[in-house]
Amino acid sequence: MRVHVVSDVHGRADALARAGDGADALVCLGDLILFVDYADNAQGIFADLFGAEQAAQFVALRTAKRFDEARAMSARLWATLGGDPREHIERGVRAQYERLFTAMPEPAYLTYGNVDIPRLWPDYVRPGHRVLDGEVVEIGGWRFGFVGGGLRTDYRTPNEIDDEEYAAKVEALGEVDVLCTHIPPAVPELLYDVVARRLERGSEATLEAIRRTQPRYALFGHVHQPLCRRTRVGRTECVNVGHFRGRGVPHVLEW
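Residues numbered from 1 in each chain as written. Predicted model: local features only at pLDDT ≥ 70, side-chain atom pairs only at ≥ 80, totals over all residues. Heavy atoms only, no water.

- The chain carries the name Icc-related predicted phosphoesterase in an unreviewed UniProt entry, which gives Nonomuraea muscovyensis as its organism.

Rendered as structure tokens:
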């Protein structure tokens with residue numbers, strides 16, 4: 001059995017269309033849309049609306065953790081467009097989802113990232129796409145458990161949830177062979193981004209479940225340039241499957 005796993009697609013419809021080549025199935029761990037690109041400020045919904053120069057300034061403020069200034073800047077820019085900012089964002093998100101779900105191979109098993117908007121997915125998933133969150137599916141005789149979304153942060157991305165809600169989804173899985181999440185377990189070396197120079201939030205509930213149930217693999221994304229891509233917790237191999245927007249190739253899982 002051969003399964004390809006991707007995460008943090010962030011608009012790479014071209015590479016996504018090829019991500020399932022040679023695989024029995026594709027697993028996608030979320031963050032499909034690109035709101036702002038920290039590496040290329042000319043890309044993403046924010047740059048489409050306000051231009052690369054404004055996007056670069058916005059990224060600089062957020063990178064410096066000057067969140068109040070970034071929000072004030074954002075509010076000023078949205079005011080120049082008129083109407084509800086959420087409507088402008090949703091138009092951009094829908095345009096990206098249209099391209100991405102059209103490119104998404106079948107069969108595919110998907111969960112949400114922290115920048116995704118789950119309520120929009122039913123408008124775009126195709127018959128061969130199965131969306132799972134706090135649920136288990138069997139693939140090639142192995143049990144795959146999926147938990148989507150992220151935990152609350154100062155970045156206030158669209159799909160952040162309370163720790164208790166996230167932990168309940170992890171608990172609902174029980175014992176699995178492969179634990180699939182968007183965010184990593186709370187292991188410091190898996191959380192540190194060496195380019196952004198910051199620790200992202202990981203899940204203590206996921207780490208506790210790994211220690212207790214010892215799945216074969218724990219697969220995740222979220223941290224684009226991690227200090228450590230993989231480590232072991234007991235017998236479980238924990239793997240960051242990679243920043244798909246940057247790498248353009250999936251992680252390969254075979255058994």
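After that view, the rundown keeps rolling.
Remarks on the overall build of the chain
Part 1 of the argument: Within the chain, the regular secondary structure consists of nine helices and 15 strands.
Part 2 of the argument: For 255 residues, the compact-globule estimate of 2.2 N^0.38 gives 18 Å, and the chain sits close to it at 18 Å.
Part 3 of the argument: In terms of overall dimensions, the chain has a C-alpha envelope of 55 × 35 × 30 Å along the principal axes.
Part 4 of the argument: The buried share among the 255 residues of the chain stands at 54%.
Part 5 of the argument: Within the chain, residue pairs in contact and separated by at least 24 positions form 58% of the contacts whose partners lie at least 6 positions apart.
Part 6 of the argument: Within the structure as shown, the chain displays about 11400 Å² of accessible surface, and the carbon and sulfur contribution to it stands at 48%.
Part 7 of the argument: The centroid of the 31 positive side-chain charges in the chain is displaced by 3 Å from the centroid of its 37 negative side-chain charges. (Helix = DSSP H or I, 4+ residues; strand = E, 2+ residues; numbered from the N terminus. Rg over C-alpha atoms; globule rule 2.2 N^0.38 Å. Buried < 20%, exposed > 50% of the residue type's maximum accessible area, 1.4 Å probe, protein only. Contact = heavy atoms within 4.5 Å. Areas by Shrake-Rupley, 256 points an atom, 1.4 Å probe, with all protein chains shown as cover. Lys, Arg positive; Asp, Glu negative; His and termini not counted. Charge placed at Lys NZ, Arg CZ, Asp CG, Glu CD.)

Notes on unusual backbone geometry
Part 1 of the argument: Here the bond from Glu106 into Pro107 is cis, since omega is -5°, no more than 30 degrees from zero.
Part 2 of the argument: Following the sequence through the fold, Pro107 ends up in the loop between α5 (85–103) and β3 (108–110).
Part 3 of the argument: Positive phi, normally seen in glycine, also occurs at His10, with a value near 45°.

Things to note about the environment of Gly150
Part 1 of the argument: With respect to the secondary-structure elements, Gly150 resides in strand β7 (residues 150–151).
Part 2 of the argument: Sequence-wise, Gly150 and Val6 are 144 residues apart; in three dimensions their C-alpha atoms are separated by 17 Å.
Part 3 of the argument: The contacts of Gly150, once residues within four sequence positions are left out, are Asn114, Asn159, Glu160, Ile161 and Ile183.

Focus on the UniProt feature "domain: Calcineurin-like phosphoesterase" (unreviewed entry) in the chain
Part 1 of the argument: With numbering matched to this structure, UniProt assigns "domain: Calcineurin-like phosphoesterase" (unreviewed entry) to residues 1–226.
Part 2 of the argument: In residues 1–226, the share of helix is 36% and the share of strand is 19%. The end C-alpha atoms are 28 Å apart. (UniProt positions renumbered as here; feature names shortened; annotations may be inferred.)

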